[in-house]
Amino acid sequence: MIEYIKGEIAELTPTQAVIDCQGVGYAANVSLNTYTAIQGKKTCKLYIYEAIREDAHVLYGFATKEERELFLQLITVSGVGSGTARVILSSLSPGELVQVITTENVSILKQVKGIGVKTAQRIIVDLKDKLKTTTGETGIGMTAGLPSGNSEVHEEAVAALTMLGFPAAASQKVVTAILKEEPQATVEHVIKLSLKRL
């Protein structure tokens, strides 16, 4: 079992990080929160969850143990797979998610793409008591610098959304609309807004 991967960031997109560990590149799926936390750094340490399936070994990387723990809790809920858990953690910071679940805020949870009322209620029922013990969660601040140029933000946001499973045409339409409203928006901000609209 891989606990963490530490090394140079060889490649980074809003959905995936490739970490070079002494000449071996590990590709890990990441949430938007983790992307924001490691963006602009040369090296990083990602806490790993390894999903072993018949056809693939998929790595998920997290900037903090708290975010990984939340991910692990989410995938224990019936109807929430690793893809959905990653979308949830891209829409809400770990701190926000803990607050939403402990305050039983169904309306915010069901705004996340792919989460209906029943799934939102199930997440809250299953995890509310488990999360009350994990206090001191601060979440990761959205303080990444602005990438240069709107087209770069547009490209990265659309690429990230299509990798998360959204249709390319719909993603482009939503991202374009958001950038018209907020030309200075960061990639993270655009993706977060898109996840609510798609």
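Here, the structure is the one placed above.
Residues numbered from 1 in each chain as written. Predicted model: local features only at pLDDT ≥ 70, side-chain atom pairs only at ≥ 80, totals over all residues. Heavy atoms only, no water.

Chemist: Would you mind going over the environment of Pro-14 in detail, with residue names and values included?
Modeler: Tracing the chain through its elements places Pro-14 in the loop between strand E1 (4–12) and strand E2 (16–21). Spatially, the C-alpha atom of Pro-14 lies 27 Å from that of Asn-105, the residues being 91 residues apart in sequence. Not counting the four nearest positions on each side in its chain, Pro-14 is found in contact with Val-30, Ser-31, Leu-32, Tyr-35, Glu-156, Ala-160, Val-187 and Ile-191. (Helix = DSSP H or I, 4+ residues; strand = E, 2+ residues; numbered from the N terminus. Contact = heavy atoms within 4.5 Å.)

Chemist: An account of the pattern of salt bridges is requested, with residue identities and associated values reported.
Modeler: As enumerated under the stated definition, the model contains four salt bridges in all. Note that Lys-128 is salt-bridged to Glu-104, the shortest N-O span being 2.8 Å. Taken as a pair, Lys-128 in helix H6 (residues 117–131) and Glu-104 in the loop between helix H4 (94–102) and helix H5 (106–109) lie far apart in primary sequence, 24 residues in all. Overall, the relative accessible area of 43% leaves Glu-104 in the partly exposed class. Put simply, Glu-181 and Arg-197 hold a salt bridge, and the shortest N to O gap is 2.9 Å. With Glu-181 in helix H8 (residues 168–181) and Arg-197 in helix H9 (residues 187–197), this residue pair connects regions lying 16 residues apart in the sequence. (Salt bridge = Lys/Arg side-chain N within 4 Å of Asp/Glu carboxyl O. Buried < 20%, exposed > 50% of the residue type's maximum accessible area, 1.4 Å probe, protein only.)

Chemist: If you had to explain the packing of aromatic side chains to someone new, which residues and values would you point to?
Modeler: For the coordinates displayed, the defined rule picks out five aromatic pairs. Pairing Tyr-4 with Tyr-47 gives two aromatic rings, centres 6.3 Å apart and planes at 70 degrees, and the pair type is edge-to-face. Residue Tyr-4 is found in strand E1, and its partner Tyr-47 is found in strand E4 (residues 43–52); the two are separated by 43 residues along the sequence. On the basis of relative accessible area, Tyr-47 is assigned to the buried category, the value being 15%. With a centroid separation of 4.9 Å and an interplanar angle of 50 degrees, the aromatic rings of Phe-62 and Phe-71 are classed as tilted. (Phe/Tyr/Trp six-rings, centres within 6.5 Å; stacked < 30°, edge-to-face > 60°.)

Chemist: Kindly report on the sheet that holds strand E5 (residues 57–62), identifying the contributing residues and their values.
Modeler: Ordered by their spatial adjacency, five strands build a closed barrel running E1-E2-E3-E5-E4, and the pairing between neighbours is mixed. Put simply, the sheet's adjacent strands are angled 55 degrees from each other on average, direction ignored. Note: E1 against E4, five bridges, orientation antiparallel. Looking across to E4, one finds that Glu-8 is bridged to Thr-43. (Pairing = 2+ DSSP bridges. Axes fitted to C-alpha atoms, helices over the stretch in contact; angles between N-to-C directions.)

Chemist: Quick one: what's the story with the nonpolar core, residue by residue and with numbers?
Modeler: The biggest cluster of nonpolar side chains holds 57 residues, and the ones touching the most others in it are Leu-46, Leu-74, Leu-97 and Ile-123. Apart from residues lying up to four places away in sequence, Ile-123 is in contact with Leu-74, Val-77, Val-80, Ile-88, Ile-101, Leu-109, Ile-115 and Lys-128. (Core = buried A, V, L, I, M, F, W, Y, C linked by side-chain atoms within 4.5 Å.)

Chemist: Which residues make up the side chain of Ser-171, and what are the values?
Modeler: With respect to the helices, strands and loops of the structure, Ser-171 is situated in helix H8. Setting aside chain neighbours within four positions, we find Ser-171 in contact with Val-158, Leu-161, Thr-162, Phe-166 and Leu-198.

Chemist: Give a description of the packing of H8 against H9 that names residues and reports values.
Modeler: It is the contact of H8 with H9, at a shortest axis distance of 10 Å, that shows an interaxial angle of 125 degrees. Overall, the two elements H8 and H9 adopt an arrangement that is oblique. In terms of crossing hand, the pair formed by H8 and H9 is right-handed. From H8, Val-174, Val-175, Ala-177, Ile-178, Leu-179 and Glu-181 reach across to H9, where they touch Val-190, Leu-193, Ser-194 and Arg-197. In the contact of H8 with H9, the residues fall into seven nonpolar, one polar and two charged. (Parallel < 35°, antiparallel > 145°, perpendicular 65-115°, else oblique. Left-handed = near helix turned anticlockwise from the far one by under 90°. Nonpolar A, V, L, I, M, F, W, Y, C, P; charged D, E, K, R; others polar.)

Chemist: Please set out the side chain of Thr-34 residue by residue, giving values where relevant.
Modeler: Tracing the sequence through the fold places Thr-34 in helix H1 (residues 32–38). In this structure the side chain of Thr-34 is engaged in a polar contact, spanning 2.6 Å, whose partner is the side chain of Glu-67. (Polar contact = N/O pair within 3.5 Å; in protein donor to acceptor, adjacent residues only side chain to side chain.)

Chemist: How would you explain unusual backbone geometry if you had to name every residue and give the values?
Modeler: Glycine aside, residues mostly have negative phi angles, and peptide bonds mostly take the trans form. The phi angle at Gln-22 is positive, at roughly 50 degrees, despite the residue not being glycine. Looking at the element boundaries, Gln-22 is found in the loop between E2 and strand E3 (24–30). Unusually for a residue other than glycine, Glu-104 sits at a positive phi of about 55 degrees.

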